[in-house]
Amino acid sequence: MSVGTGTTVNVRIMTRAELALHGVRMETPVRRPDGAGPSDDGHVLVDGANAALPTNPESPYTVRDGRVLLGDEDTGLTLTAVRRPKFYDLATADGVPYEQIARLHGADVLATTVVQTCVRYAESDRCRFCTIEESLRSGATVAAKSPAQLAEVAEAAVRLDGVRQMVMTTGTTTGPDRGARNLVRSVRAVLAAVPGLPIQVQCEPPGELSWIRELHDAGASAIGIHVEALDDDVRRRWMPGKSTVPMAEYETAWDEAVRVFGRNRVSTYLLVGLGENPDELIAGAARLIDRGVYPFVVPFRPMRGTLAAREGIGAPSPELLRYVTERVAARLRAAGMYGTDQKAGCAACGACSVLRTAGG
């Protein structure tokens, strides 16, 4: 397998991959410094589409008059920073800033981690790319968001800032629902306050599959059941706690979720750069597509506070990210599956991935 030679490189996709990994030299009003996801980024619009890019003072990319420059060369891409939302200026009656309850992602997505703790966060069990509890320790968020708080913030975000969808994730909790129970309550509360708002929920495969139907019946539009890697050796190395959930359990949960939510309403993260064979990762993504599951391909980036960053593990090369992204995007197009067709969630937002630029 060669990722750098033998094929015609789409310069626009390559530039977007480099931006995803190297970031841009600028400050942004909307940032997500840590949390449950894979990135420490500023939120911007690249060619009008949501993008989450590292704000990196050492990046070779700069922005001038809304154009992305590499040195003095215009890359052909436009970039504007997402404005600070008005709902960030508000607080609940008991003094909790709305920004600690839910945050803006991209220009129009409200995102929250309903439970900011995880039963797998002991160092021996922790996912090496995750900082879900670091944002709690820094005071950037609160441990548990009540359904009433989420409903209050969602109503304000839609009314004041034109938010068009919401993402609810959770740290894994004890019990067979693994966090789904709290998501059910939260979805119901938000939809009572903002009827019709598309919401994606994200959790581990519930030990009791009936929770998938409960999430759908509560009003969730889509679901993310995130595996991050398909190779069991990689899973054990990077996710020692989470890897104790067998791949067969993920497959059963994905199939049930597709049955309940529908094709291309179920997604899973696949992280590029964990050491998984890229061709095997692409083949695994193709099998997910055949199941009706959207493989949201995202580059691993070592966030401050993660075990990976502490150990000096770096991000993948732009060439590797482009190689995987282009081939997964081609398979998505062949299957007629597009992130833009999803009602809510990471694939619908697209900010953390290069798949949208590659046509997926």
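What counts, and where the lines are drawn
- Residues numbered from 1 in each chain as written.
- Predicted model: local features only at pLDDT ≥ 70, side-chain atom pairs only at ≥ 80, totals over all residues.
- Heavy atoms only, no water.
- Buried < 20%, exposed > 50% of the residue type's maximum accessible area, 1.4 Å probe, protein only.
- Helix = DSSP H or I, 4+ residues; strand = E, 2+ residues; numbered from the N terminus.
- Pairing = 2+ DSSP bridges.
- Axes fitted to C-alpha atoms, helices over the stretch in contact; angles between N-to-C directions.
- Parallel < 35°, antiparallel > 145°, perpendicular 65-115°, else oblique.
- Left-handed = near helix turned anticlockwise from the far one by under 90°.
- Contact = heavy atoms within 4.5 Å.
- Nonpolar A, V, L, I, M, F, W, Y, C, P; charged D, E, K, R; others polar.
- Salt bridge = Lys/Arg side-chain N within 4 Å of Asp/Glu carboxyl O.

Student: Please clarify how the pairing of strand β3 (residues 49-53) should be interpreted in this entry.
Tutor: For a regular strand, side chains alternate in direction, first toward one face of the sheet and then toward the other. With 4 of 5 residues buried, β3 is to be regarded as a mostly interior element. Across 5 bridges, strand β2 (residues 41-46) lies against β3 in antiparallel orientation. Bridging from a neighbouring strand, Leu45 pairs with Asn50 of β3. Hairpin connection of β2 to β3: 2 residues between the antiparallel strands, including Asp47 at a positive phi of 50 degrees.

Student: Please explain the packing of helix α5 (residues 210-218) against helix α7 (residues 247-261) as it appears in this structure.
Tutor: Pairs of packed helices are described in terms of their axes, by the angle between the two and the distance that separates them. Between α5 and α7, whose axes approach to 9 Å, the crossing angle comes to 30 degrees. By the angle between their axes, α5 is roughly parallel relative to α7. Note that α5 runs across α7; the crossing there is right-handed. For the pair formed by α5 and α7, the contact residues are Ile212, Arg213, Leu215 and His216 on the first element and Ala253, Glu256, Ala257, Arg259, Val260 and Phe261 on the second. Its residues assigned to classes, the contact of α5 with α7 comprises 6 nonpolar, 1 polar and 3 charged.

Student: It is not clear to me how the pairing of strand β5 (residues 67-70) should be interpreted in this structure. Could you clarify?
Tutor: Two strands pair when backbone bridges link them, and strand β4 (residues 61-64) and β5 are joined in this way by 4 bridges, in the antiparallel orientation. Of the residues in β5, the one forming a bridge with Tyr61 is Leu70. With antiparallel pairing between neighbouring strands as the criterion, β4 and β5 make up a hairpin whose turn holds 2 residues, including Asp65 at a positive phi of roughly 55 degrees. Pairing analysis gives 3 bridges linking β5 to strand β6 (residues 73-81), with the strands arranged antiparallel. From the neighbouring strand, Arg67 faces β6, where its bridge partner is Thr78. Hairpin connection from β5 to β6: 2 residues lie between these consecutive antiparallel strands, with Gly71 at a positive phi of about 65 degrees.

Student: Help me understand the pattern of salt bridges in this model?
Tutor: Pairing between side chains becomes possible if they bear opposite charge and their charged atoms approach one another. Enumeration over the complete set of coordinates arrives at 20 salt bridges. Here Arg84 and Asp89 are joined by a salt bridge, their closest N and O atoms 2.5 Å apart. With a relative accessible area of 41%, Arg84 lands in the partly exposed category. In this structure, the salt-bridge partner of Glu204 is Arg120, at a minimum N-O distance of 2.8 Å. Residue Glu204 is located in the loop between β10 (199-202) and α5, and its partner Arg120 is located in the loop between β8 (109-113) and α2 (134-137); the two are separated by 84 residues in the primary sequence. Of the two residues examined, Glu204 and Arg120, each falls in the buried class.

Without other data, these values stay purely geometric and don't point to any function.
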